[in-house]
Amino acid sequence: MKISEIVADGRPSLSFEVFPPKRRSASPSDRDAEQAAMARTKDVVRAIAALRPAFISVTYGAAGGTTGANTCALAQFVQADCGVPALAHMTCVAADRAKVAEEVRGFRAAGLENVLCLRGDCPPDTEFPGDPAFRHAVDLVRALRGEGFCLGGACYPEGHPECAHLADDIAHVKEKAEAGLDFLTTQMFFDNNVLFHYLARLRTAGVTVPVIAGVMPVTNGRQIARICALSGTYLPPRFRAIVDRFGDDPVAMLDAGVAYATEQIVDLFANGVANVHVYTMNKPEIAVRIMHNLHGLVGSR
């Protein structure tokens, strides 16, 4: 099922994200370790799929996509074995036309219908690698537009970390949408008002594709420091107080983080944001608790 059909439904929906194990070397011990890691990840996927989310996204990996083949294999497992629509991530950093074409063939052979088009992160302290034809996510969107996939893209309610001005970043989002995106998924945010203002600016700029809101339940104090360092995400005082009070207590922080994310999602649904994507970081227990909290709002599919 294509995600464009899911979001057109209009009903509140929850989706979740998983990440595959990294690719390892060809040595027997490393391959055995990778296979064991994939088996554990499939157990995670089964637990999340049992909740019947709208879809499950499968990440690709930073610095040129260190998990590419595993992304395709895991997305195929999500869809074929677990019966849940899959959204496979694809990055174009360090890619060339041949590599993109190869991955398209792999995705199609796996029966995948949905692709999230991302630039990906450059390796640290290096020049931008790869084919000059694939410097930005919009280049990947253009390359895949005629391939029959439902295409998604990322957007940043507080602006991309590498873009100095939100207006310029929104212009880039509009360029991606006009190149052929079917939907957008946001980076995490912790203040819903940030998203509401951003959506208004997107619509004013002429970006009309559906937007899926990305929510991350923060369940340990160290996690939030990494998030802020990477993305500069605004932390509202209420959320800071929660982290300050419970961040050193894993059990309490789990409860508080799930409760905060649940309240965020309820508020989003109440204000007309029907589709929410939860960054669960391969933790099915978080997905279970959030879906339990919201089962009366989301229902079954």
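Our subject is the structure listed above.
Residues numbered from 1 in each chain as written. Predicted model: local features only at pLDDT ≥ 70, side-chain atom pairs only at ≥ 80, totals over all residues. Heavy atoms only, no water.

Engineer: Lay out the overall build of the chain with the relevant residues and their values.
Structural biologist: A tally of regular secondary structure across the chain gives 11 helices and 8 strands. Radius of gyration (C-alpha) of the chain: 19 Å, near the 19 Å computed for a compact globule of 301 residues. Within the chain, residue pairs in contact and separated by at least 24 positions form 79% of the contacts whose partners lie at least 6 positions apart. As displayed, the chain has an accessible area near 13,500 Å², and 53% of this comes from carbon and sulfur atoms. (Helix = DSSP H or I, 4+ residues; strand = E, 2+ residues; numbered from the N terminus. Rg over C-alpha atoms; globule rule 2.2 N^0.38 Å. Contact = heavy atoms within 4.5 Å. Areas by Shrake-Rupley, 256 points an atom, 1.4 Å probe, with all protein chains shown as cover.)

Engineer: I'd like a rundown of the nonpolar core, residues and numbers included.
Structural biologist: If you look at the biggest cluster of nonpolar residues, it comprises 67 residues, and the most contacted ones within it are Leu14, Leu144, Ile265 and Ile290. The greatest single-element share of this core, amounting to 6 residues, is contributed by helix H11 (residues 284-298). Those residues in contact with Ile265 that sit more than four places away from it in its chain are Leu14, Val215, Val276, Val278, Ile290 and Leu294. The next biggest cluster of nonpolar side chains, apart from the first, holds 14 residues, and it includes Met216, Ile227, Ile242 and Ala256. (Core = buried A, V, L, I, M, F, W, Y, C linked by side-chain atoms within 4.5 Å. Buried < 20%, exposed > 50% of the residue type's maximum accessible area, 1.4 Å probe, protein only.)

Engineer: Tell me what's going on with the environment of Thr41, and back it up with residues and numbers.
Structural biologist: Take Thr41: it is sitting in helix H2 (residues 28-49). Judged by its relative accessible area of 8%, Thr41 is buried. Remark: the alpha-carbon pair of Thr41 and Leu116, spanning 75 residues in sequence, is separated by 20 Å.

Engineer: Can you explain the packing of H2 against helix H3 (residues 68-81)? Please cite residues and give values.
Structural biologist: Look at H2 against H3: their axes get within 11 Å of each other, and the N-to-C directions meet at 35°. The interaxial crossing formed by H2 with H3 has right-handed handedness. Between H2, through Glu34, Met38, Thr41, Lys42, Val45 and Arg46, and H3, the contact on the second element is made entirely by Asn70, Ala73, Leu74, Phe77 and Val78. Class assignment for the residues of the contact of H2 with H3 results in 6 nonpolar, 2 polar and 3 charged. (Axes fitted to C-alpha atoms, helices over the stretch in contact; angles between N-to-C directions. Left-handed = near helix turned anticlockwise from the far one by under 90°. Nonpolar A, V, L, I, M, F, W, Y, C, P; charged D, E, K, R; others polar.)

Engineer: Requested: an account of the pattern of salt bridges, with residues and values cited.
Structural biologist: Overall, the coordinates contain 10 salt bridges when judged by the stated rule. We note a salt bridge from Arg11 to Asp9, for which the minimum N-O separation is 2.7 Å. For Asp9, a relative accessible area of 38% corresponds to the partly exposed category. Here Arg238 and Glu263 are joined by a salt bridge, their closest N and O atoms 2.5 Å apart. Taken together, the positions of Arg238 in helix H9 (residues 237-246) and Glu263 in helix H10 (residues 250-270) put the pair 25 residues apart, joining distant regions of the chain. The exposure class assigned to Arg238 is partly exposed, which follows from its relative accessible area of 45%. Glu263 gets classed as partly exposed once you look at its relative accessible area, which sits at 45%. The structure contains a network of salt bridges with shared partners spanning Asp139, Arg142 and Glu175. (Salt bridge = Lys/Arg side-chain N within 4 Å of Asp/Glu carboxyl O.)

Engineer: I'd like to hear about the packing of helix H7 (residues 192-204) against H10, residue by residue, with values.
Structural biologist: Contact geometry for H7 and H10: axes closest at 10 Å, N-to-C directions at 30°. Here the hand of the crossing between H7 and H10 comes out right-handed. Between H7, through Asn192, Leu195 and Phe196, and H10, the contact on the second element is made entirely by Gln264, Asp267 and Leu268. When its residues are assigned to classes, the contact of H7 with H10 shows 3 nonpolar, 2 polar and 1 charged.

Engineer: How would you summarise unusual backbone geometry if you had to cite specific residues and measurements?
Structural biologist: Positive phi is not limited to glycine here, since Met281 has a value of about 55°. Of note in this structure, Asn282 is not a glycine but carries a positive phi near 60°. You can see Asn282 is positioned in the loop between strand S8 (275-278) and H11.

Engineer: Please provide a residue-by-residue account of the packing of aromatic side chains, values included.
Structural biologist: Applying the stated criterion to the full structure yields 2 aromatic pairs. Through pairs of rings, three or more aromatic residues link up here, namely Phe190, Phe239 and Tyr260. (Phe/Tyr/Trp six-rings, centres within 6.5 Å; stacked < 30°, edge-to-face > 60°.)

Engineer: Any details on the pairing of strand S7 (residues 211-215)? Residues and values, ideally.
Structural biologist: Of all 5 residues in S7, 5 are buried; the element is thus mostly enclosed. Residues Val211, Ala213 and Val215 of S7 are buried on one face, and the alternating residues Ile212 and Gly214, pointing to the opposite face, are buried as well. By the bridge criterion, 3 bridges tie S7 to S8 in an arrangement that is parallel. Pairing of Val215 across the sheet is with Val278, part of S8. (Pairing = 2+ DSSP bridges.)

Engineer: So what about the sheet that holds S7? Which residues, and what values?
Structural biologist: Pairing is parallel in the closed barrel, where 8 strands are placed in the order S1-S2-S3-S4-S5-S6-S7-S8. On average, each strand axis in the sheet is tilted by 30° relative to the strand beside it, whichever way the strands run. Summarising the sheet, strand S4 (residues 114-118) and strand S5 (residues 150-155) pair through 4 bridges and their orientation is parallel. The residue bridging Leu116 from the neighbouring strand is Gly152, located in S5. Against the sheet, H10 touches strand S1 (13-18), S7 and S8, its axis set at about 160° to S7.

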